[in-house]
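Structural features, examined
As a plain string of letters, each chain reads:
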Amino acid sequence: MSDGRTIELQEYKSEIKPTWCPGCGDFAVLNGLQRALQTLQIKPWTVTIVSGIGCSSNIPHFLSSYGFHSIHGRSIPVASGIKLANPELTVIAAGGDGDGYGIGAGHFLHAMRRNLDITYIVMNNQIYGLTTGQASPTSEREMKTKSTPEGVIENPINPISLALAAGATYVARGFSGDAKTLGDLFAKGIRHKGFALVDVLSPCVTYNKQNTYDWFRQRVYSLEKEGHDPSDFHAAMRRATEWPNLDQTRDRIGIGVFYERTDIPTYEELEPVLRKGPLVKQPLGLANPEELLEEFR
Amino acid sequence: MTQKELVFRIGGAAGDGSASTAESFAKVCTRSGLYAFTYTSYQSVIRGGHSWVQVRASEEPVLSQGESPQVVIALNQPTVDIHGPQVRERGAVIYDSETVKLDGIRLAEGVRSIGFPLARVAREYGNNALMKNTVALGAAVRLFDMDMRHVESAFRTIWGDKKEEVVQANVKAAMAGHKYVEEHGGSLGLGLRYSDHARLLLTGNQAICLGALAAGCKFLAQYPMTPASSIMHWMADHAPQYGVVVKQVEDELAAINMAIGAGFAGVRAMTATSGGGFSLMVEGLGQGGMVEAPVVAVLVSRTGPSTGLPTKTEQGDLNLALGAGQGDWPRAILAPRNTDECFRLAAEAFNLAEVYQTPVILMSDLYLSEGYRTVDGFDFNVPIIRGLLAQDGGEAEGRYLRYKITESGVSPRALPGQKGFEHIAGSDEHDEKGELISDVLAGIPEYVEVRKRMMEKRMRKLDGLRRDTKGPELWGPQDADLTLISWGSTQGPLREAVLNLQETEGLSVNSLEFSYLFPFHAEETRAVLARAKRTLAVEGNFTGQFSRLLTAETGIRPDRFLGKYDGEPFAPSEIEAKIREVLA
């Protein structure tokens, strides 16, 4: 803090009350994020949180920072534009599984290989909530939804193994039933230099009667307690494919940091134009237009 | 045009280097004090096919690509077959006598066939296969009586001082061609007057880039698509020096949304694409209107629908630009009529986007964007007007209202990082604070009223946009017998047709030309058209997209319509024929 004062947790909260259903996993995400920002003492006005569309994408309204409540699937490109314009900002993208792994999947892949210093939080409830309960890209096989009354016949996306394959430099999974770990994973992700994915198992208490808090509690385990080494890519991939996978095994779901690399430069570091400082602080217009015209003579 | 002109055409397969040789030739023309104009006819292939470039140059500004050439350089047999018969009387065909045969080609009277072993001659000066084009270029330079000094200096601007040996080898190769013509009949004797007054030669896309730099553009996000790609190429080339982040992205959805993110964060940002990519951008553009983020989207049209003719021109995307995005949101659509306006309107677009905090669409087309034109110069004294900004330094007095309702519809803008002005930019309908009213508040009487007021606030920006942009230009005699109506790049061929008919047949025609398409200037338009005796709309599309806009805005229907949708630009002769028909 510039004035040496500690920013209180309350200062990260907005005056707007969340509109999520009672018991929604997203409350834990909001609290975890506010705690992470407070732990790191990041000034609220230097944070921009960008979301897409869906229940979880309302999250910017509940924080006191800058926010951009974007259109469906486009939180990552909007966040990328903001980060490139002003790398001094802490930029967080957030949204649901439909938003990030469905309609926005293309951006998700490319953001990871690009390694911009953005933290991406996906509130994964394995269902479309705001549109009242259709199958999502992470809905499990055989799950019955409004759009799949006979049960889902596609295999779900595995966001963790996808992120590992795409070159993400911080890959973690949290669970809304474990608030303590969640806050830590966000703080680590924000501190991580590069693209950080935190996939959060965030149960939908209204439309997903299958993947409930209890269902997860019977299956989750701490990667850290089992001695997982986040620098070991192949170990991370093995743990990632414990669930979901083609064999439909569903008995072990790891929580924590799957993988982290700190030696990969970020996109901003490699972009020569940004070495002179943030774009937003550069002077506008041309100092010497004549030299520019030489090539046209 | 009765003034003296030269028309040069070079053709070959894709990969034969026709385009770069033509560009060199246009540069030599410009350095010889002429105005040059190029039109490239190419295909969506990397090797093979048949592509050709026409360069037309004159002592006066050139308005169109012109028609039949005086000199054709044939790099392969199809060029002779297709273009040989079009060469004007007493013109010339230059070709490689070892690979191209002129047998059976019907040439006009007095056309000289200048066949010699171009490739073999070229090998004496270097191993580059394209050197044979340079030999032919030297031959053409002699036919047109131009000075070899300008060839050398043109090569130097192309290859730079670093590659002096390349420059020298090419100069020698050109000299060989020059010498061959010297020994076989000399010049065509066109009698053009040359000077050392070199102006600037550039494409419409390059002029847009210059305008963007002059206006302080710092961010370009783009996905490759002909004919907009050269904007990204030029900007990428100059990005480090001029402090622009150029980002090639995964698709046009990313391009528009990244540019909007950058605009929201306070940087002058743009994206560029053609119709296909623009179709993907429409939701993002509407978002820009809703969150009130400045952004400039350049739409360089090619022939549609769908993939269409990727390397051909059309003015068929106006409806797309007018209707982009669900619901109503305020936008400005600007369509430069020529290369000068590409520069001026690009710069202006950034001011309008920031002053009105909304997307501005700059519409061009392949004809304007890829053709090289000689221009006198640009006025780089571009004012940079950033519009209403929330005060920096201090905290906001009371609660900051990002979307405060104002008379102009514009609310003071704060940028992320400013303490005390934290807010949400919302794509959902929102109140003055930026808080959404789309879920639990929608339909509650108080918020029905908020929605209405927010909508009206945003749409009021159209009044300011209309005030800050210009109405159409009436060019030509005030009381003409016929008034042409056009927009964008049709200006050149249309003016040439009018001038030709006035000079040769004494017809009195004027032209109402639009560069600012939306918000539409209905009052000025109605005033001009009320005086018009007869009207003919000329557009490069099938349905008369602009004519329909004009009718919707003014209640006036153009009497006649000339549409073109064959992929080629208007030739002045086509417009002349239609004018004669209407006035007959």
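Residues numbered from 1 in each chain as written. Chains lettered and ligands numbered in written order. Predicted model: local features only at pLDDT ≥ 70, side-chain atom pairs only at ≥ 80, totals over all residues.

Quick word on the interface of chain A and chain B
Stated formally: A residue pair is marked as a contact if its C-beta atoms, positioned from the backbone, fall within 7 Å. We count a stretch as a helix when DSSP gives it H or I for four or more residues in a row; a strand needs E for two or more, and each element gets its number in order from the N terminus. Gly is put with the polar residues, along with every residue not named as nonpolar or charged; the nonpolar set is Ala, Val, Leu, Ile, Met, Phe, Trp, Tyr, Cys and Pro, and the charged set is Asp, Glu, Lys and Arg. Any two strands with at least two DSSP-identified bridges between them are counted as paired.
Counting residues at the interface gives 48 residues for chain A, matched by 56 residues for chain B. Only strand 2 (66-69), helix 2 (75-85), helix 4 (105-114) and helix 10 (289-293) of chain A provide two or more residues apiece to the side of chain A that touches chain B. Among the elements that make up the side of chain A that touches chain B, the one with the highest residue count is helix 2 of chain A (8 residues). Of the residues that constitute the side of chain A that touches chain B, the class distribution is 25 nonpolar, 17 polar and 6 charged. Of the strand pairs in this sheet, strand 2 of chain A and strand 15 (residues 424-426) of chain B are connected by 3 bridges, and their pairing is parallel. By the bridge assignment for strand 15 of chain B, A:His69 is matched with B:Gly426.

A closer look at the packing of helix 4 (residues 131-143) of chain B against helix 6 (residues 164-183) of chain B
For any two helices packed against each other, the geometry is given by the interaxial angle and the distance between the axes. All names here are of chain B. Operational definition: Each axis is a line fitted through C-alpha atoms, and for a helix only the stretch in contact is used; angles between axes span 0 to 180 degrees, taken between their N-to-C directions. Roughly parallel covers angles under 35 degrees, roughly antiparallel covers those over 145, roughly perpendicular covers 65 to 115, and oblique covers all other angles. Left-handed describes a crossing whose near helix is turned anticlockwise from the far helix by less than a right angle; the clockwise case is right-handed.
The interhelical angle for the contact between helix 4 and helix 6, taken along N-to-C directions, is 45°, at an axis separation of 7 Å. On the basis of the axis angle, helix 4 is oblique to helix 6. The crossing of helix 4 and helix 6 is right-handed. Contacts from Met131, Thr134, Val135, Ala136, Leu137, Gly138, Ala139, Val141, Arg142 and Leu143 of helix 4 reach helix 6 at Asn170, Ala173, Ala174, Met175, Ala176, Gly177, His178, Tyr180, Val181 and Glu182. For the contact of helix 4 with helix 6, the per-class residue count stands at 13 nonpolar, 5 polar and 2 charged.

Structural notes on the sheet that holds strand 21 (residues 560-563) of chain B
All names here are of chain B. Read from one edge to the other, the open sheet built from 5 strands follows the order 16-18-17-20-21, with strand pairing classed as mixed. Of all strands in the sheet, those with a lone pairing partner are strand 16 (473-475) and strand 21, marking the two edges. Strand-to-strand twist across the sheet, computed as the mean angle between neighbouring axes with direction ignored, equals 20°. On the sheet, helix 16 (residues 491-505) packs against strand 16, strand 17 (482-487), strand 18 (509-514) and strand 20 (535-539) and is oriented at approximately 170° with respect to strand 18. Helix 19 (residues 572-583) contacts strand 17, strand 18, strand 20 and strand 21 of the sheet and is inclined by roughly 160° relative to strand 20.

Overview of the environment of B:Phe278
Residue and element names in this part refer to chain B. Operational definition: Any residue whose C-beta has 12 or fewer other C-beta atoms within 10 Å is treated as exposed, any with 20 or more as buried, and any in between as partly exposed, C-beta atoms being built from the backbone.
Within the secondary structure, Phe278 sits in helix 10 (residues 275-291). By C-beta crowding, Phe278 is classed as buried, having 27 other C-beta atoms within 10 Å. Spatially, the C-alpha atoms of Phe278 and Pro558 are 29 Å apart, while their sequence positions differ by 280 residues. In this view, Phe278 contacts Thr273, Leu299, Asp317 and Leu320; residues no more than four positions away in its chain are not counted.

Examining unusual backbone geometry
Across residues other than glycine, the phi torsion is negative in most instances, and most of the peptide bonds are trans. Look at the link from A:Trp243 to A:Pro244: it is a cis peptide, with omega at -10°. Structurally, A:Pro244 is set in the loop between helix 8 (233-240) and strand 10 (253-260). With an omega of 0°, the peptide bond running from B:Thr226 to B:Pro227 counts as cis. Tracing the backbone through its elements, the reader meets B:Pro227 in the loop between strand 8 (219-222) and helix 8 (229-242).

Comments concerning the domain arrangement of chain B
All names here are of chain B. How we decide: Residue ranges assigned to each domain were obtained from an automatic or database domain assignment.
Here chain B is partitioned into domain 1 (5-198), domain 2 (202-375), domain 3 (388-469) and domain 4 (473-583). The centre of domain 2, based on its C-alpha atoms, is set 26 Å off from the matching centre of domain 4. When residues of the side of domain 2 that touches domain 4 are traced back to their parent elements, those giving at least two are helix 11 (318-323), strand 12 (332-334), helix 12 (339-356), strand 13 (359-365) and helix 13 (366-370). Its residues assigned to classes, the side of domain 2 that touches domain 4 shows 12 nonpolar, 7 polar and 6 charged.

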